[in-house]
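# Structure at a glance
In case you want the letters, here they are:
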Amino acid sequence: PEDIQLCDENETENAVDARVDVIEALGGEALLYCSTNLEQEMSIMGRRDSREIIEDLPVVSSPEEIETVISEINKVTVSEDVQKYIMDIIEATRDNSYLSTGASTRGTLALYRASQILAAMEGRSYVIPEDVKKEAVSVLAHRVIMNSGSHTNAEQVMERILNEIRVPLETI
């Protein structure tokens, strides 16, 4: 659907707030990490209890519509080559000198799922390596632990990992 958005660098405060509220409403964990600036953080601290905010949100989709979207996402296929690419990325986080802890199995599943969602949003019934690459930093950077004394950040480490791993060629 056109009205679903993933995080990007130009995200507005309202989009951040809405995403946090929806995630809390669903009782789930965020697949993606959305960064906020100082003003947004200050705004978040002073807002009402999230349950009150959720109660005030207008209904935008019925449970049936949400089930339909989930069903469509579940139909998105991920080839063995793309699954191997995901695992290559995950393994690289686990064997990286800048990281004391790499991505867990939950990180693997989150990257897999986020890639399916992106493919569905772009109208495809299959994941391409570029979907994985687009989602990897926002899905995994907050799931790894940096070594103390590192003079870099998790996002930069993830970018390096992505640049070093061979991207599989698509077969048609």
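From a predicted model like this one, the values you see are computed outputs, not experimental measurements.

This part takes up the pattern of salt bridges. Following the criterion strictly, the structure yields six salt bridges and no others. Across the pair Arg94 and Glu91 runs a salt bridge, and its minimum N-O distance is 3.0 Å. Of this pair, Arg94 and Glu91 both sit in helix H5 (residues 80–94), three residues apart, which is roughly one turn of the helix. Since its relative accessible area comes to 39%, Arg94 is described here as partly exposed. A salt bridge links Glu122 to Arg124; its shortest N-O distance comes to 3.0 Å. Through salt bridges with shared partners, a single network forms among Glu122, Arg124, Asp131 and Lys134.

This brings us to the nonpolar core. Ile89, Leu111, Val127, Val132, Leu140 and Met158 are the most contacted members of the largest nonpolar core, which has 27 residues in total. Sorting the residues of this core by element identifies H5, helix H6 (105–121), helix H7 (129–140) and helix H8 (154–164) as the ones contributing at least two each. Residues contacting Val132, with those up to four places away along its chain left out, are Val82, Tyr85, Ile86, Ile89, Leu111, Ser115 and Val127.

This part covers H8. Regarding H8, the residues found buried are Ala154, Val157, Met158, Ile161 and Leu162. Axial view of H8: buried residues confined to an arc of 135 degrees, hence all on one face. Exposed positions of H8 whose direction lies more than 90 degrees from the buried face are Asn163 and Glu164. Buried positions along H8 lie against H5, strand S1 (99–101), H7 and strand S2 (145–146). The backbone nitrogen of Glu155 lies 3.1 Å from a side-chain oxygen of the residue at the head of H8, namely Asn153.

Axis separation between H6 and H7 bottoms out at 9 Å; the angle between their running directions is 135 degrees. When the axis of H6 is compared with that of H7, the two are oblique. The two elements H6 and H7 cross, and the hand of that crossing is right-handed. Every residue of H7 that contacts H6 at Gly107, Ala110, Leu111, Ala114, Ser115, Leu118 and Ala119 is listed here: Asp131, Val132, Lys134, Glu135, Ala136, Val139 and Leu140. Looking at side-chain class alone, the contact of H6 with H7 contains nine nonpolar, two polar and three charged residues.

What counts, and where the lines are drawn
- Residues numbered from 1 in each chain as written.
- Predicted model: local features only at pLDDT ≥ 70, side-chain atom pairs only at ≥ 80, totals over all residues.
- Heavy atoms only, no water.
- Salt bridge = Lys/Arg side-chain N within 4 Å of Asp/Glu carboxyl O.
- Helix = DSSP H or I, 4+ residues; strand = E, 2+ residues; numbered from the N terminus.
- Buried < 20%, exposed > 50% of the residue type's maximum accessible area, 1.4 Å probe, protein only.
- Core = buried A, V, L, I, M, F, W, Y, C linked by side-chain atoms within 4.5 Å.
- Contact = heavy atoms within 4.5 Å.
- Arc of directions from axis to C-beta.
- Polar contact = N/O pair within 3.5 Å; in protein donor to acceptor, adjacent residues only side chain to side chain.
- Axes fitted to C-alpha atoms, helices over the stretch in contact; angles between N-to-C directions.
- Parallel < 35°, antiparallel > 145°, perpendicular 65-115°, else oblique.
- Left-handed = near helix turned anticlockwise from the far one by under 90°.
- Nonpolar A, V, L, I, M, F, W, Y, C, P; charged D, E, K, R; others polar.

So far we have only geometry, and geometry alone does not tell us how the molecule works.
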